[in-house]
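# What the coordinates show
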Amino acid sequence: MKYILLIFSISSLLSCSLITKRKSTAIRSLWTVKAGVSSSSLRTRLFHNTSPVFAGEFVIQGNGWDGIQAFEKKSGKQVWVYKIKGGVSSPVTVSGDKIYFGGADGFVYALKAKTGQMVWRFFTGSENMGAPVVQGKGVYFVSSSQKIYALSEKNGKLLWLYAGPALSGDFFIRGSYRPAVSKHILYGGFYEGSLVALYIKNGRLKWKRKPVSALSSNPALSRGLFLEGPCLLAPVFGEGLFCLNPKTGRTLWKGAGGETNPVTKGTHLYQGDKEKLYSLRKFDGKINWSVKAKASVTPSLYKNVLLYGLSSNGKIYAVDFNTGKLILTFPFGRGLSAPITVDHEAGEAYFFTVDGHLHKVQLIF
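In short, a report on the structure. By convention here, each chain's residues receive numbers from 1 onward along its written sequence. Per-residue local features are limited, in this predicted model, to residues with pLDDT of at least 70; the limit for side-chain atom pairs, both in listing and counting, is 80 or more; totals at the level of whole chains, interfaces and linings are taken over all residues. Remark: hydrogens and water are excluded; side-chain values derive from all non-hydrogen atoms of the structure.

This brings us to the environment of Ser90. The helix and strand labels rest on DSSP assignments: H or I over at least four residues marks a helix, E over at least two residues marks a strand, and numbering proceeds from the N terminus. With respect to the helices and strands, the residue Ser90 is situated in the loop between strand S5 (78-83) and strand S6 (93-95). In this structure, the C-alpha to C-alpha distance between Ser90 and Ala104, residues 14 residues apart in sequence, is 8.6 Å. Among the polar contacts listed, one links the side chain of Ser90 to the backbone nitrogen of Gly102, at a separation of 2.7 Å. Under this definition, polar contacts are N or O atom pairs within 3.5 Å; protein pairs additionally need one hydrogen-donor-capable and one acceptor-capable atom, and for neighbouring residues in sequence, both atoms have to be side-chain atoms.

Structure below.
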């Protein structure tokens, strides 16, 4: 009888040990800070285009009200502030020791990431919502006036300019595409549906195509063009995700989604729209799976999980990227209109909510 009791006790201990070692699944809040510069900054603003970006030990966040700030990643303590009238309109790009972004005041900026000191700024005369792309000695972006600019990374001087279709006097568009840049070619898109390939050396036209009726950017999203294998990927609001031949601009396939930037992992693409979240095959755009999700904000990858939030409620959703099965929801109060930024090494994520707050959470998956 003693032997039986001993065996039972050992078995119970092993069972408890296995249970305690089993990994939990959770999202835990670490800190929240206000990312508006002044106390009067949180007025109504239609669009909040910016996701947090990392620059060393800092997390940098622009807002659509009055400027841009840097915070310590560990504590959330503010490091520096740079005020901009009308706020930051574009996603922020980090390259080397500098950050680049567009402002609502008609300028594109380069600041020192550690101090927030301005290195240079360039006046375009229009709001600049397109994310800048930095490659080599150039900074490339599409302005809301439908022009593609190439600037010197060092001093912001104009290298070349390509003028897209002119806006009529009674037409206003608040949005721009992020260009895609290869070694020799820049790809840009315009509101009336045309895509162009320009030689990056001088801005001369290589080809021009119009795959759909309109590339009318949804200004609430940070969308752009992306080079992925044999595809120039173009998400088109209300139309779907297009794969174009980068050499000719001709459509190779069309897939579902179109309202968010594509996220890639292995042979899969992930796309969202107002109704569903999709997993597409990278080589032909066919649907692997789809779930009702209203995933109109670009999803972010962490391990085997897709993370996304909605502008309409205060929740983050985590779904299995192989199946689309919901893993958990995390309520935090206010909606998102820009993608979540993940620190993969630390297992942490940062996101900006429409009430002007920057949040840091721990990911336990």
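Let us look at the environment of Ile364. By the secondary structure assignment, Ile364 is in strand S32 (residues 357-364). Under the scheme applied here, a residue whose accessible area is under 20% of the maximum for its type counts as buried, over 50% as exposed, and between as partly exposed, the area being computed with a 1.4 Å probe on protein chains only. Residue classification places Ile364 among the buried residues on the basis of a relative accessible area of 13%.

Each Phe, Tyr or Trp ring, with Trp reduced to its six-membered ring, pairs with another whose centre is within 6.5 Å; inter-plane angles below 30 degrees give stacked pairs, above 60 give edge-to-face pairs, and intermediate values give tilted ones. This structure, assessed with the given rule, holds 19 aromatic pairs. A ring pair is formed by Phe54 and Tyr350, whose centres lie 5.2 Å apart and whose planes are at 75 degrees; its orientation type is edge-to-face. Placement of Phe54 in strand S2 (residues 53-55) and of Tyr350 in strand S31 (residues 348-352) is noted, with a sequence separation of 296 residues between them. Here the aromatic rings of Phe141 and Tyr149 are separated by 5.1 Å at their centres, their planes lie at 15 degrees, and the arrangement is stacked. For Phe141, a relative accessible area of 1% puts it in the buried group. Put simply, the rings of Tyr82, Phe101, Phe107, Tyr109 and Phe123 touch in pairs and so form one group of aromatic residues.

At least two DSSP bridges between two strands are required for those strands to pair. If you walk across this open sheet you meet the four strands as S18-S19-S20-S21, and the pairing is antiparallel. Edge positions in the sheet fall to strand S18 (226-228) and strand S21 (251-255), since each of these pairs with one other strand and no more. Going across the sheet, the axis of each strand differs from the next one's by a mean of 30 degrees, ignoring polarity. Here four bridges tie strand S20 (residues 240-244) to S21, and the two strands are oriented antiparallel to one another. The residue of S21 that forms the bridge with Leu244 is Thr251. Note on method: axes are straight lines fitted to C-alpha atoms, helices fitted across the in-contact stretch only, with angles between N-to-C directions ranging 0 to 180 degrees.

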